[in-house]
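One-letter residues, chain by chain:
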Amino acid sequence: QKEVEQNSGPLSVPEGAIASLNCTYSDRGSQSFFWYRQYSGKSPELIMFIYSNGDKEDGRFTAQLNKASQYVSLLIRDSQPSDSATYLCAVYSGGGADGLTFGKGTHLIIQP
Amino acid sequence: EAQVTQNPRYLITVTGKKLTVTCSQNMNHEYMSWYRQDPGLGLRQIYYSMNVEVTDKGDVPEGYKVSRKEKRNFPLILESPSPNQTSLYFCASKLVRETYSTDTQYFGPGTRLTVL
């Protein structure tokens with residue numbers, strides 16, 4: 001059974017600070033990793049993906065991947081109140097047979 | 001505009017009354033999937049389809065049926081809904097490649113179902 005673990009939170013961060021969201025996964029063969037943002041009652045929307053070890057930056061967001069430790073994280077710099085949402089980590093393990101395995105999400109609150 | 005649509009968006013029904021939630025995508029995606037989302041349980045896959053006439057069970061298929069007669073449509077059928085199927089349902093679609101995939105999975109807007 002593939003598992004993706006996230007701290008459910010809530011994670012409270014002051015406005016302007018860096019928010020750090022973490023995710024671990026069980027399937028060592030996992031190939032690509034996604035971060036989705038979901039506002040309450042809305043559908044998940046993709047923030048970014050990563051598939052190589054190291055860091056990947058996109059604007060205020062940085063994804064970090066460490067396959068040896070089976071760990072992926074998302075950093076949000078200069079956090080804004082509009083970043084308050086639930087962040088879902090999702091993992092694709094290849095084979096084409098199915099889609100993504102999702103973590104339960106971390107609820108992030110940015111305090112003005 | 002590339003999108004996944006679901007209908008209805010909200011539905012209140014009674015136990016045992018058959019219902020269908022439609023899902024349609026206009027991106028020519030091979031892969032389509034249904035998820036349900038419940039508080040504390042996250043997104044759980046119900047069924048998925050790799051292409052027309054190819055469907056398979058996800059993690060929580062009991063009580064649900066699907067069909068894939070056309071590439072763009074993937075309806076979710078509840079033959080005899082029960083209160084434990086009250087949930088927020090999402091349809092999703094994406095391209096399928098042979099090698100590892102970074103293709104974006106696009107989600108529909110969701111259907112909030114209440115079974116009384």
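Anything mentioned here points back to the structure above.
This text gives an overview of the structure that appears in the document. (Residues numbered from 1 in each chain as written. Chains lettered and ligands numbered in written order. Predicted model: local features only at pLDDT ≥ 70, side-chain atom pairs only at ≥ 80, totals over all residues. Heavy atoms only, no water.)

1. Details of the packing of aromatic side chains
Residue and element names in this part refer to chain A.
Argument step 1. In the structure shown here, the tally under the stated rule is 11 aromatic pairs over all chains.
Argument step 2. On the basis of an interplanar angle of 45 degrees and a centroid distance of 6.0 Å, the ring pair of Phe34 and Phe49 is categorised as tilted. Of this pair, Phe34 sits in strand 4 (residues 32-38) while Phe49 sits in strand 5 (residues 45-50), and the two are 15 residues apart along the sequence.
Argument step 3. The class of Phe34 is buried, set by a relative accessible area of 1%. (Phe/Tyr/Trp six-rings, centres within 6.5 Å; stacked < 30°, edge-to-face > 60°. Helix = DSSP H or I, 4+ residues; strand = E, 2+ residues; numbered from the N terminus. Buried < 20%, exposed > 50% of the residue type's maximum accessible area, 1.4 Å probe, protein only.)

2. As for the nonpolar core
All names here are of chain A.
Argument step 1. Among the nonpolar cores identified, the biggest contains 23 residues, and Phe33, Trp35, Val72, Leu74, Ile76, Tyr87 and Leu108 are the most heavily contacted of them.
Argument step 2. Those elements that provide at least two residues to this core are strand 3 (19-25), strand 4, strand 5, strand 7 (61-66), strand 8 (71-76), strand 9 (85-92) and strand 11 (106-111).
Argument step 3. Residues in contact with Tyr87, not counting those within four places in the same chain, are Gln6, Leu21, Trp35, Tyr36, Arg37, Ile47, Leu74, Ile76, Gly105, Thr106 and Leu108. (Core = buried A, V, L, I, M, F, W, Y, C linked by side-chain atoms within 4.5 Å. Contact = heavy atoms within 4.5 Å.)

3. Some remarks on the pattern of salt bridges
All names here are of chain B.
Argument step 1. Inspection of the entire model under this criterion finds 7 salt bridges over all chains.
Argument step 2. A salt bridge links Lys18 to Glu79, with the shortest nitrogen-to-oxygen separation between them at 3.9 Å. Of this pair, Lys18 sits in the loop between strand 2 (10-13) and strand 3 (19-25) while Glu79 sits in the loop between strand 8 (76-78) and strand 9 (87-94); the two residues are 61 residues apart in sequence, bridging distant segments of the chain.
Argument step 3. Linking Arg36 and Asp38 is a salt bridge whose minimum nitrogen-to-oxygen distance equals 2.9 Å.
Argument step 4. Through salt bridges with shared partners, a single network forms among Lys18, Lys65 and Glu79. (Salt bridge = Lys/Arg side-chain N within 4 Å of Asp/Glu carboxyl O.)

4. Considering the state of the cysteines
All names here are of chain A.
Argument step 1. Applying the stated criterion across every chain yields a total of 2 disulfides over all chains.
Argument step 2. Note that Cys23 is cross-linked by a disulfide to Cys89, the S-S spacing being 2.1 Å. What sets the handedness of the Cys23 and Cys89 disulfide is the S-S torsion sign, and at about -75 degrees it is left-handed. Separated by 66 residues along the polypeptide, Cys23 in strand 3 and Cys89 in strand 9 bring together distant segments of the chain. (Disulfide = S-S within 2.5 Å.)

5. A closer look at the side chain of Arg36 of chain B
Residue and element names in this part refer to chain B.
Argument step 1. Within the secondary structure layout, Arg36 lies in strand 4 (residues 31-38).
Argument step 2. Among the polar contacts made by the side chain of Arg36, one reaches the side chain of Asp38 at a distance of 2.9 Å.
Argument step 3. At a separation of 2.9 Å, a polar atom in the side chain of Arg36 contacts the main-chain carbonyl oxygen of Asn84.
Argument step 4. If near-sequence neighbours (up to four positions away) are discounted, Arg36 is found in contact with Gly42, Leu43, Arg44, Ile46, Val60, Tyr64, Asn84, Gln85, Thr86, Ser87, Leu88 and Tyr89. (Polar contact = N/O pair within 3.5 Å; in protein donor to acceptor, adjacent residues only side chain to side chain.)

6. Notes on the interface of chain A and chain B
Argument step 1. Every contact between the two is made by 22 residues of chain A and, on the other side, 24 residues of chain B.
Argument step 2. Carbon and sulfur atoms supply 58% of the area buried between chain A and chain B, which totals about 1,800 Å² over both sides.
Argument step 3. Summed over the shared surface of chain A and chain B, the result is 0 salt bridges.
Argument step 4. Of all the elements in the fold, those that place two or more residues in the side of chain A that touches chain B are strand 4, strand 5, strand 9 and strand 10 (100-102) of chain A.
Argument step 5. At 4 residues, strand 4 of chain A tops the list of elements feeding residues into the side of chain A that touches chain B.
Argument step 6. Split by residue class, the side of chain A that touches chain B holds 11 nonpolar, 8 polar and 3 charged. (Buried area = accessible area lost by both parts, 1.4 Å probe. Nonpolar A, V, L, I, M, F, W, Y, C, P; charged D, E, K, R; others polar.)

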